[in-house]
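Okay, here's what each chain looks like letter by letter:
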Amino acid sequence: MVVKVYGPVTAACPQRVLTCLLEKDVDFEIVHINLDACDHKKPDFLLRQPFGQVPAIEDADFKLFESRAIIRYYAAKYEKRGPNLLGNSLEERAVVDQWLEVEAHNFNELVYNLVLQLVILPRMGKQGDSALALSCQQKLDKVFDVYEQRLSGSAYLAGDSFTLADLSHLPGIRYLVEDAGMGHLVSQRKHVNAWWETISNRPAWKKLMKLAGY
Amino acid sequence: MAAIKVHGSPMSTATRRVLACLYEKELDFQFVPINMAAGEHKSENFLALNPFGQLPAFEDGDLKLFESRAVTHYLAHEYADKGTQLLIAGSNKEAAILDLWTEVEGQRFNAPSSAIGWELFYKPFFGMATDAAVVEENEGLLGKVLDVYETRLTQSKYLASDNFTLADLYHLPNIECLLATPAKKLFESRPHVSAWVKEITARPAWSKVLAMPKH
């Protein structure tokens, strides 16, 4: 039985889940949710995800939402398969958690707002807030400075191996670099750039990019 | 000297999240106050502990961590057999339900509740003017989140299970902040949310956090 992932393959949070499943070689089926048609706000979908957001998953009779809870689940369930995305000792896992929290609380909202103002709203024919976009960019600059410092001492965010902490950043950074014209935030920083080149060249991420039609 | 150290402020919501966990687990710790007014959280010493210059920072022997939810997650696992059980024991599936509701706190509840707390609690405290439009927008957002909680709490005594866990604990600092403002009406108007708020804020460990001396 395959894992059903509800959401468009081009949206950031479903991509977070799909990348994890690809890394772990877990079979899945994407059930497309049309955000433009507001499928995600309809009663059927709200039963799966009461906040009306993507993704949600269904694995036999097990249902879950929140992309970061989902990737933690699959990283634990298939711990022995493929790359170890969690860390070994409790201390290593705590450091993975730390950088996952950094992604969720220091990074994500800035990227989300920047992409919303510069990409999504204009695509919908609406005016983006350029002052807000600039403010987000300036804050993101400072966050990337911290990442640069971290990655000068460590190949990946949580240590010497690729973990959920790095994986969680893939969709957001892709949006920044490919869609929002913010590639310089990455390319101007030697260690962040090297890290991005490495993680975005992983076979699982490249498979997802093909699936998404990029 | 305790191996566990918390560098923070008793008034900081994220610091309180860690303190609540330490008191629930009945762990000894040393509290190192950081003077934000004096800019201590941006000093080189502190940035070595938390490169984002945010409170809290945490040490347990050789382990250094920041991000309150990573710290509390670590404490709940490392000291699983001490004090209150804050995790859901059992399969990966059961653990995932706890993760789901801690993510809901982090991704859905935290932003609007923090925004309202900043406008209605902290800004007046610092002599700054409240932005009513921001309050209104975030009360709308938080209201929708609490509607989901209201339904959830008719099916489950606490958010992730029938026992108090990390998922409930994570909410305490922002709830406490909002209870001191007119925004408390958002909790009071929802019976199951209201009962849950009363229950979790009455926990002895939380009272100990509130009783810590303010520097």
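Residues numbered from 1 in each chain as written. Chains lettered and ligands numbered in written order. Predicted model: local features only at pLDDT ≥ 70, side-chain atom pairs only at ≥ 80, totals over all residues. Heavy atoms only, no water.

Turning to the nonpolar core, a few remarks are in order. The biggest cluster of nonpolar side chains holds 130 residues, and the ones touching the most others in it are Trp99 and Tyr147 of chain A together with Leu75, Tyr149 and Trp196 of chain B. Tallying contributions element by element places helix H4 (residues 90-123) of chain A first for this core, with 12 residues. Non-local contacts of Trp196 of chain B, meaning those with residues more than four positions away in its chain, are made with Tyr149, Leu153, Lys157, Tyr158, Leu159, Asp168, His171 and Ile175 of chain B. Counting residues in hydrophobic clusters, the runner-up holds five residues, among them Ile34, Phe46, Leu49 and Ala57 of chain B. (Core = buried A, V, L, I, M, F, W, Y, C linked by side-chain atoms within 4.5 Å. Buried < 20%, exposed > 50% of the residue type's maximum accessible area, 1.4 Å probe, protein only. Helix = DSSP H or I, 4+ residues; strand = E, 2+ residues; numbered from the N terminus. Contact = heavy atoms within 4.5 Å.)

Moving on, we get to the packing of helix H1 (residues 13-24) of chain B against helix H3 (residues 68-78) of chain B. Residue and element names in this part refer to chain B. In the contact formed by H1 and H3, the axes pass within 9 Å of each other and the chain directions differ by 5°. In terms of axis orientation, H1 runs roughly parallel to H3. From H1, Ala14, Arg17, Val18, Cys21 and Leu22 reach across to H3, where they touch Ser68, Arg69, Val71, Thr72 and Leu75. Partitioned by chemical class, the residues of the contact of H1 with H3 number six nonpolar, two polar and two charged. (Axes fitted to C-alpha atoms, helices over the stretch in contact; angles between N-to-C directions. Parallel < 35°, antiparallel > 145°, perpendicular 65-115°, else oblique. Nonpolar A, V, L, I, M, F, W, Y, C, P; charged D, E, K, R; others polar.)

Attention now goes to a negative patch on the surface. A cluster of acidic side chains, namely Glu91, Glu92 and Asp160 of chain A together with Glu78 of chain B, defines a negative patch on the protein surface. With respect to the helices and strands, Glu78 of chain B occurs in helix H3. (Patch = residues over 30% accessible without salt bridge, like charges linked within 9 Å, V, L, I, M, F, W, Y side chains within 5 Å. Areas by Shrake-Rupley, 256 points an atom, 1.4 Å probe, with all protein chains shown as cover. Salt bridge = Lys/Arg side-chain N within 4 Å of Asp/Glu carboxyl O. Lys, Arg positive; Asp, Glu negative; His and termini not counted. Charge placed at Lys NZ, Arg CZ, Asp CG, Glu CD.)

This next bit is on the sheet that holds strand E4 (residues 63-66) of chain B. Residue and element names in this part refer to chain B. Read across the sheet, four strands follow the order E2-E1-E3-E4 without closing on themselves; strand pairing throughout is mixed. The open sheet has two edge strands, strand E2 (30-33) and E4, and neither has a second partner. Strand after strand, the sheet turns through a mean of 20° between neighbouring axes, direction not considered. Here strand E1 (residues 4-8) pairs with E2 via four bridges, running parallel. Bridge pairing in E2 places His7 opposite Val32. (Pairing = 2+ DSSP bridges.)

Moving on, we come to the UniProt feature "domain: GST C-terminal" (unreviewed entry) in chain A. In the numbering used here, UniProt assigns the "domain: GST C-terminal" (unreviewed entry) feature to residues 89-214 of chain A. Spanning residues 89-214 of chain A, this segment combines 75% helix with 0% strand, and its end C-alpha atoms are found 37 Å apart. (UniProt positions renumbered as here; feature names shortened; annotations may be inferred.)

Moving on: the interface of chain A and chain B. On the chain B side, the residues contacting the 33 residues of chain A number 30 residues. Here chain A packs against chain B, burying approximately 2,800 Å² in sum over the two surfaces, 64% of which is carbon and sulfur. Here chain A and chain B share two salt bridges between them. Residue Glu66 of chain A is joined to Arg108 of chain B by a salt bridge in which the shortest nitrogen-to-oxygen separation is 2.9 Å. For the pair chain A and chain B, the number of links is seven residue pairs in polar contact (both at pLDDT 80 or more). Those elements that place two or more of their residues in the side of chain A that touches chain B are strand E4 (62-65), helix H3 (67-77), H4 and helix H5 (130-151) of chain A. (Buried area = accessible area lost by both parts, 1.4 Å probe. Polar contact = N/O pair within 3.5 Å; in protein donor to acceptor, adjacent residues only side chain to side chain.)

With that settled, consider the environment of Arg48 of chain A. Residue and element names in this part refer to chain A. Assignment of secondary structure puts Arg48 in helix H2 (residues 43-48). Sequence-distant contacts of Arg48, defined by excluding residues within four places in its chain, comprise Tyr6, Ala56, Glu58, Lys63 and Phe65. A polar side-chain atom of Arg48 sits 2.5 Å from a polar atom in the side chain of Glu58.

Moving on: the packing of aromatic side chains. One pass over the full model with this rule turns up 24 aromatic pairs over all chains. Centre to centre, the rings of Phe107 of chain A and Phe144 of chain A are 5.8 Å apart; their planes meet at 90°, and the pair counts as edge-to-face. Placement of the pair is Phe107 of chain A in helix H4 and Phe144 of chain A in helix H5, with a sequence separation of 37 residues. When its relative accessible area of 1% is taken as the criterion, Phe107 of chain A is described as buried. On the basis of an interplanar angle of 70° and a centroid distance of 6.1 Å, the ring pair of Phe58 of chain B and Tyr74 of chain B is categorised as edge-to-face. Taken together, the positions of Phe58 of chain B in strand E3 (residues 57-60) and Tyr74 of chain B in helix H3 put the pair 16 residues apart, joining distant regions of the chain. (Phe/Tyr/Trp six-rings, centres within 6.5 Å; stacked < 30°, edge-to-face > 60°.)

Another aspect to go through is the sheet that holds strand E2 (residues 28-31) of chain A. Residue and element names in this part refer to chain A. Reading across from one edge, E2-E1-E3-E4 is the order of the four strands in this open sheet, with mixed pairing throughout. Looking at which strands have only one partner, the edges of the open sheet turn out to be E2 and E4. Recorded for the sheet is a direction-independent mean angle of 20° between the axes of neighbouring strands. As paired elements, strand E3 (residues 56-59) and E4 share four bridges and run antiparallel to each other. Each residue of the ladder has a partner; that of Ala56, found in E4, is Phe65. Along the sheet, H3 contacts strand E1 (3-6), E3 and E4; its crossing angle with E4, the most-contacted strand, is approximately 135°.

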